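Here is what each chain is made of, one letter per residue.
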Amino acid sequence: MARIPGRSGGLPAAGSAGGDPSGRPEQPRASRDSSGRPGRTAPIRATRRWIRSAPSRLSVAGQVFALQVLVVLLLVAAAVVALVVQSNRDSVEEAKNRSVAVAQTFANSPGIVAALQSPDPTVILQPKAQSVRIQTGVDFVVVLNTDGIRYTHPLPDRIGKKFVGNIEPALGGGVVVEQITGTIGPLVQAIVPVRAPSGQVVGLVSAGITIDRVVSASDRQLPIVLGAAAGALLLATGGTALVSRRLRRQTHGLDPGEMTRMYEHHDAVLHAVREGVLIFSGGGRLLLANDEARRLLGLPADAEGRPVGEIGLDPAMAALFASGRMVTDDVVPAGERLIAVNVRPTDRDGGPPGSVATLRDSTELLGLAGRADVARRRLRLLYDAGVTVGTTLDVTRTAEELARVLVPRFADFVSVDLAEQVLDGDEPPAGISRMRRAALGAVAQDAPFKPVGALFDVVPDTPLAASLSGGLAVLEPDLAGAGHWRTQDPEGAARIVEYGVRSLIRVPLRARGVLLGVVRFWRLEQTETFEGDDLSLAEELVAHAAVCIDNARRYTREHAMAVTLQHSLLPRSLPPQNALEVAHRYLPAQAGVGGDWFDVIPLAGTRVALVVGDVVGHGLHAAATMGRLRTAIHNFSALELPPDELLGHLDELVNRIDQDEAANLGDSAVTGATCLYAVYDPVSRRCTLARAGHPPPAVVHPDGTVEFPTLPAGPPLGLAGMPFETAELELAEGSLLVLYTDGLVEDRTRDIDVGLDLLRAALAHPGRTPEETCTEVLDAMLPSHPTDDIALLVARTRVLAEDHVAEWEVPSDPAAVSGVRAAVSAQLADWGLEEAAFVTELILSELITNAIRYATGPIRVRLLRDRSLICEVSDTSSTSPHLRYAATMDEGGRGLFLVAQFAERWGTRYTGSGKVIWTEQPLA
């Protein structure tokens with residue numbers, strides 16, 4: 001339909017001239033023709049009246065402009081007159097005030113009385129008077145004697161002449177102010193007395209200023225008033241121009257005859273088309289409705305001009321028109337009809353505010369739309385189930401998601417029953433005999449169904465057993481009338497029917513040929529009965545859920561295997577030792593098993609090694625690699641390697657693991673791992689540490705201060721092949737050494753710096769035991785859903801008492817051995833270990849003799865009393881003794897053999913200055 005010029009609806013804008021007194025546009029009144037239908041003459045008459053008024057509106061605009069100009073000119077003239085009168089008054093008043101102030105100030109100035117009583121007052125007062133006149137801006141300052149003779153004057157030739165003015169009041173002590181016309185024009189002069197200290201008037205001072213020299217504020221306001229008048233004229237001109245422009249735009253430059261003819265054509269077309277047309281104003285009032293719109297919507301005769309909510313429309317249709325939004329082919333019911341609605345705004349291209357709606361009768365599409373709506377709801381349900389069910393790899397959670405998404409959109413109650421083996425991650429047997437309820441969705445809390453977690457047996461020769469064995473979905477449209485389904489649980493079935501449940505769909509859960517359980521859908525009497533289309537939809541929903549549950553089952557099985565493997569590789573208990581009080585925690589990630597581990601390894605000489613590490617990745621591979629590295633560390637620790645050398649050997653091992661996997665599997669991925677290795681000596685209280693890409697440890701001093709010591713970082717294992725460095729700390733007795741993996745301080749939502757600050761705050765509490773510290777740290781820092789494994793090791797340091805340590809310096813002389821043996825026997829007697837004296841003397845005799853024979857430099861002997869008796873002989877040689885078996889005729893080679901037989905353990909460790917050979921003997 002062609003666009004009507006001026007307005008989309010062909011009516012004048014609201015508030016324009018020619019409307020009714022209320023400001024609304026004049027609305028056409030409906031009339032009826034001979035057939036009784038609403039006529040078309042009323043809109044045409046209104047349109048003609050609006051067109052005829054266009055020229056008059058143009059002339060009115062000019063008249064309004066002339067009136068505005070006249071009013072502005074009158075206001076400006078009145079304002080100017082008022083300002084001039086006010087200016088004169090203000091000027092005279094200002095002149096009086098200034099002349100009085102200058103005269104009084106000069107009359108009271110210091111020295112004027114003395115000057116008047118001097119032999120020649122003019123010489124003294126004339127310069128001062130001239131200076132005051134210039135500074136104050138008055139026209140003259142004149143000093144007189146009591147006879148009115150001038151002592152000063154701006155014109156010197158008038159000095160000594162008689163003053164012109166009334167001085168009598170001033171001689172009496174008063175102040176005289178006069179407005180006179182002098183030789184310099186109209187002026188104001190003031191005369192004030194000059195008093196001696198005794199109060200006698202000894203002279204007079206007169207100051208005067210012409211009125212023209214005083215500029216009042218009114219004079220300054222006059223340009224503003226004139227400027228405002230000019231601005232008002234400009235605004236009036238602009239407003240008139242805008243009004244004229246709008247009128248020209250509304251009439252599109254057409255004369256009244258042309259506009260009348262055009263509106264008649266458009267009106268004829270508007271009411272002849274078989275499409276409803278409604279035009280609304282910006283305020284939501286109906287401006288125009290053609291015949292077809294009245295017929296489709298059943299509008300009353302006086303609908304035009306009324307708000308959209310008061311013309312008898314259906315609520316949905318009225319809300320659509322009142323919204324003001326653009327609509328394209330929205331199908332809206334109107335009574336028994338189905339109306340296709342299009343709505344477009346009319347304010348495009350400068351049009352008036354409002355909207356135009358077109359209507360088409362689409363009743364014949366009602367059935368098709370209903371079926372399409374059902375199909376759309378089902379597709380939406382399938383889509384929502386696809387994105388909602390299976391978001392996690394948890395069997396129970398997946399079953400709950402299925403029940404949650406289908407209630408109440410598809411069924412009033414949904415029960416998901418799974419074989420017990422499925423919940424444990426195992427594959428169920430061919431015939432399921434027992435199931436457990438994994439999820440139950442219900443519209444009411446008092447549902448008559450078995451609760452979640454309930455166990456029940458599958459009764460043979462029942463519809464449930466037949467459905468499970470055949471794998472077919474079953475529809476029971478009328479539960480009250482059918483009795484065979486009750487054989488599974490007669491009592492429960494009776495409660496279900498009594499509650500009002502009337503229809504059922506039963507679908508087996510089957511994935512990859514394996515039967516996992518059954519899903520049952522129930523509907524109440526108030527809900528529509530299940531139909532054949534519902535059965536196919538239920539099968540699609542359950543098929544998707546079955547795959548998700550089977551995936552979760554497989555993941556559960558693999559996760560359990562990985563957890564079992566990992567726990568078997570981690571230490572189950574800590575070895576006994578006295579150097580440290582140790583507590584530990586290990587928490588696997590919820591998403592999968594990782595490669596974090598920890599260890600506590602007793603070493604020779606009462607020392608203890610602490611280890612924490614983390615293998616990159618998750619799963620069985622990471623757990624297996626962790627076990628290999630842990631075993632390797634135990635082996636390297638038995639060789640008494642220092643921390644940096646031990647990490648170097650681990651680095652080589654990780655590189656070999658990567659090479660083997662690349663050769664066997666063709667995979668070039670790098671395994672990678674981080675590790676922190678620390679050795680604590682309770683005798684010296686020194687802790688030697690080295691780390692390979694691992695977070696630094698935390699040290700909690702006895703006073704509660706927490707620090708993260710700066711250690712050489714070193715590259716992660718298996719990545720660089722670079723050497724590692726060690727650092728040494730001296731720890732006070734009772735300090736806490738805290739080792740951890742990055743899962744404790746870092747995750748996806750928390751930066752490692754934030755995690756370290758939280759760890760510092762959690763550790764800053766002295767007096768806690770290691771067990772309490774582990775608990776507090778995990779409570780403060782454990783994420784709600786850990787994405788990485790967490791290993792935590794807390795060790796409180798102890799110190800071996802000084803009276804449990806004995807040391808001797810041994811000269812390089814075989815004769816000194818007997819003296820050492822005697823000293824050792826005496827020390828053992830002090831410790832109450834006389835029974836160990838013989839074996840200890842034998843061991844030390846052999847070790848000291850070998851050191852004197854084969855080594856150089858100082859030889860030291862140390863006895864340590866701990867959980868066992870430890871004997872150490874140190875020298876500067878780096879040659880390690882080897883145990884061998886002597887032949888029958890050999891004279892030597894039996895010393896170390898005897899040592900090995902009498903000692904529980906023995907070995908060699910290297911130091912920076914040589915080596916130490918040690919033995920351990922059990923204490924009684």
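Attention here is on the structure that accompanies the text.

Scoring rules and cut-offs
Residues numbered from 1 in each chain as written. Predicted model: local features only at pLDDT ≥ 70, side-chain atom pairs only at ≥ 80, totals over all residues. Heavy atoms only, no water. Buried < 20%, exposed > 50% of the residue type's maximum accessible area, 1.4 Å probe, protein only. Helix = DSSP H or I, 4+ residues; strand = E, 2+ residues; numbered from the N terminus. Pairing = 2+ DSSP bridges. Axes fitted to C-alpha atoms, helices over the stretch in contact; angles between N-to-C directions. Patch = residues over 30% accessible without salt bridge, like charges linked within 9 Å, V, L, I, M, F, W, Y side chains within 5 Å. Areas by Shrake-Rupley, 256 points an atom, 1.4 Å probe, with all protein chains shown as cover. Salt bridge = Lys/Arg side-chain N within 4 Å of Asp/Glu carboxyl O. Parallel < 35°, antiparallel > 145°, perpendicular 65-115°, else oblique. Contact = heavy atoms within 4.5 Å. Nonpolar A, V, L, I, M, F, W, Y, C, P; charged D, E, K, R; others polar. Expected span 1.5 Å × (residues − 1). Polar contact = N/O pair within 3.5 Å; in protein donor to acceptor, adjacent residues only side chain to side chain. Arc of directions from axis to C-beta.

## Quick look at the pairing of strand S1 (residues 140-144)
Summarising burial for S1: 5 of the 5 residues are buried, a large majority. Covered by surrounding structure in S1 are Phe140, Val142 and Leu144 together with Val141 and Val143, the residues of both alternating faces. Pairing geometry for S1 and strand S4 (residues 201-210), over 5 bridges, is antiparallel. Its bridge partner lying in S4, valine 141 is registered against alanine 207.

## Looking at the sheet that holds strand S3 (residues 185-195)
The 4 strands are arranged S1-S4-S3-S2 in an open sheet whose pairing can be described as antiparallel. One side of each edge strand has no neighbouring strand; the edge strands of this open sheet are S1 and strand S2 (176-182). Neighbour to neighbour, the strand axes of the sheet diverge by 25° on average, direction disregarded. With 9 bridges connecting them, S3 and S4 associate as antiparallel partners. Note on S4: the bridge partner recorded for valine 194 is glycine 203.

## Here's the deal with a nonpolar patch on the surface
Together, Leu67, Leu70, Val71, Leu74 and Leu75 make up an exposed nonpolar region whose accessible area comes to about 500 Å². Examined against the element boundaries, leucine 67 turns out to sit in helix H1 (residues 41-107). Taking the relative accessible area as the measure of exposure, leucine 67 reaches 53% and is therefore exposed.

## What about the pattern of salt bridges?
Scanning all chains against the criterion turns up 34 salt bridges. Two residues, aspartate 550 and arginine 553, come together in a salt bridge whose shortest N-O distance is 2.9 Å. Taken together, the positions of aspartate 550 and arginine 553, both in helix H14 (residues 532-569) and 3 residues apart, correspond to about one turn of that helix. Exposure class is identical for aspartate 550 and arginine 553. Each is buried. Connected through shared salt-bridge partners, Arg378, Arg523, Asp533 and Asp534 make up one network.

## Remarks on the packing of H14 against helix H15 (residues 620-638)
Packing of H14 against H15 leaves a shortest axis separation of 9 Å and a crossing angle of 10°. Judged on the interaxial angle alone, H15 and H14 are roughly parallel. Only Leu620, Ala623, Ala624, Met626, Gly627 and Arg630 of H15 make contact with H14, whose side of the interface consists of Met561, Ala562, Leu565, Gln566 and Leu569. Of the residues belonging to the contact of H14 with H15, the class tally is 8 nonpolar, 2 polar and 1 charged.

## Quick word on helix H10 (residues 395-406)
Helix length check: H10 (12 residues) gives 17 Å between terminal C-alpha atoms against 16 Å at 1.5 Å per residue, within 8%. Taken as a whole, H10 has its buried residues at Val395, Thr398, Ala399, Glu401, Leu402, Ala403, Val405 and Leu406. At the N-terminal end of H10, a side-chain oxygen is found 3.3 Å from the backbone nitrogen of threonine 396, two or three residues along, and the residue is aspartate 394.

## Some thoughts on unusual backbone geometry
Residue valine 407 is joined to proline 408 through a cis peptide bond whose omega torsion reads 0°. When you line up the elements, proline 408 lands in the loop between H10 and strand S10 (413-419). Of note, aspartate 461 is a non-glycine position whose phi angle comes to about 60°, a positive value. With respect to the secondary-structure elements, aspartate 461 resides in the loop between strand S12 (455-457) and helix H12 (463-470). With a relative accessible area of 80%, aspartate 461 lands in the exposed category.

## Notes on helix H19 (residues 770-781)
With 12 residues, H19 ought to run about 16 Å at 1.5 Å a step, and its terminal C-alpha atoms sit 16 Å apart, in line with that. Taken as a whole, H19 has its buried residues at Pro770, Thr773, Cys774, Val777, Leu778 and Met781. The arc that holds every buried residue of H19, seen down its axis, measures 125°, which confines them to one face. Tucked into the core, H19 has its buried residues touching strand S16 (580-587), strand S24 (736-740), helix H17 (742-745), helix H18 (752-763) and strand S25 (790-797).

## Brief notes about the sheet that holds strand S8 (residues 337-345)
Read across the open sheet, the 5 strands follow the order S6-S5-S9-S8-S7; overall the sheet is antiparallel. Two strands in the sheet have a free side with no partner beyond their single neighbour: strand S6 (286-289) and strand S7 (327-334). The mean inter-strand angle of the sheet, taken between neighbouring strand axes irrespective of direction, is 25°. Against the sheet, helix H8 (residues 315-323) engages strand S5 (276-281), S7, S8 and strand S9 (354-361), with an angle of about 155° to S7.

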